[in-house]
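Chain residues, written in single-letter form:
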Amino acid sequence: MRIAFFTGAGISAESGIPTFRGKGGLWEKFKVEELATPEGFFRDPERVWRWYDMRRKAISEAQPNKAHRLIALIEREYRDVWVITQNVDMLHQRAGSEKVLELHGNIWRVRCLGCGAVYYEFRTPLPEYPPKCRECGGMLRPDVVWFGEPLPVDVLQKSWEIARSSDIFVVIGTSALVYPAAQLPYVAKEYGAKVVEINPESTPVSSVADVVLRKKASEGMEEFYSMLKAQAF
Ligand code: OAD
């Protein structure tokens, strides 16, 4: 049995990391076009890097929560378990998940605009804004996907393959508004997966989900885990 978890910012909310949309969301306070587009970056790399470093600091102080941990436990118990995440915070890996597909990159990775080097940089605060490449001294950018940029092709292809071949596809904490990622629950459904949604709010996925758990991620995951154990699928 193949199980996939498709996650968004809501799964990390209980770890104290703000979501993007809705009340208290990042896009209420900050301008997406200034901070999460290539144009915004090239206009003011220092501003963008300060914002990312502020988020890196907050993430470094956060811990994976029960929802992340239950997903990792399910992977250990059921083996063919995948996480497809839109999150860049690495909390799934820190909770112990191994098969994690990062659709929108990783806030702990940097990419050199000069030589193309990609590596993990865990220091926060960074020594300077924008930081410089350790290989060539060129300007670094966060290795995340910004609006208007394509998603990494290998990750996208693998995610589609997993969605098409999943028996259970669990959608957690995403507004399901940002494409192409938001297409995945529909692909899974089309190819025969049972779709489960865990979200305190209604989303476009709710109408196609076989099971809707109107709960926070940790409580919803506890309920999902009980259902799985009871072979409810
Ligand atoms: P959003 O901020 O758009 O949506 C967060 C979702 O989490 C909402 O549906 C909330 O109802 C739900 N939520 C809030 N608290 C929750 C909790 N405790 N448990 C479960 N769910 C909860 O975040 P994403 O859907 O991840 O992209 O956003 C998608 C993309 O838009 C992000 O990856 C990012 C953003 O701009 C890029 O940066 C490219």
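Keep in mind that what you see is a predicted model, and the values were worked out from it rather than measured.

A. Focus on the overall build of the protein. For the protein, the helix and strand inventory stands at nine helices and nine strands. Against the globule reference of 17 Å for 233 residues, the protein gives a C-alpha radius of gyration of 18 Å, in line with a compact fold. Here the C-alpha coordinates of the protein stretch approximately 55 × 35 × 30 Å along the principal axes. Taking all 233 residues of the protein together, the buried fraction comes to 52%. Considering only residue pairs separated by 6 or more positions, the protein has 64% of its internal contacts joining residues 24 or more positions apart. Between the centroid of the 31 positive side chains of the protein and the centroid of its 30 negative side chains there is a distance of 2 Å.

B. Main features of the packing of helix H5 (residues 66–78) against helix H9 (residues 217–229). Interaxial distance between H5 and H9 falls to 8 Å at its minimum, and their mutual angle equals 25°. Considering the angle they form, H5 stands roughly parallel to H9. Crossing hand, H5 versus H9: left-handed. Every residue of H9 that contacts H5 at Lys66, Ala67, Leu70, Ile71, Leu73, Ile74, Glu77 and Tyr78 is listed here: Ala217, Ser218, Met221, Glu222, Phe224, Tyr225, Leu228 and Lys229. Its residues assigned to classes, the contact of H5 with H9 shows 11 nonpolar, one polar and four charged.

Thresholds applied
- Residues numbered from 1 in each chain as written.
- Predicted model: local features only at pLDDT ≥ 70, side-chain atom pairs only at ≥ 80, totals over all residues.
- Heavy atoms only, no water.
- Helix = DSSP H or I, 4+ residues; strand = E, 2+ residues; numbered from the N terminus.
- Rg over C-alpha atoms; globule rule 2.2 N^0.38 Å.
- Buried < 20%, exposed > 50% of the residue type's maximum accessible area, 1.4 Å probe, protein only.
- Contact = heavy atoms within 4.5 Å.
- Lys, Arg positive; Asp, Glu negative; His and termini not counted.
- Charge placed at Lys NZ, Arg CZ, Asp CG, Glu CD.
- Axes fitted to C-alpha atoms, helices over the stretch in contact; angles between N-to-C directions.
- Parallel < 35°, antiparallel > 145°, perpendicular 65-115°, else oblique.
- Left-handed = near helix turned anticlockwise from the far one by under 90°.
- Nonpolar A, V, L, I, M, F, W, Y, C, P; charged D, E, K, R; others polar.

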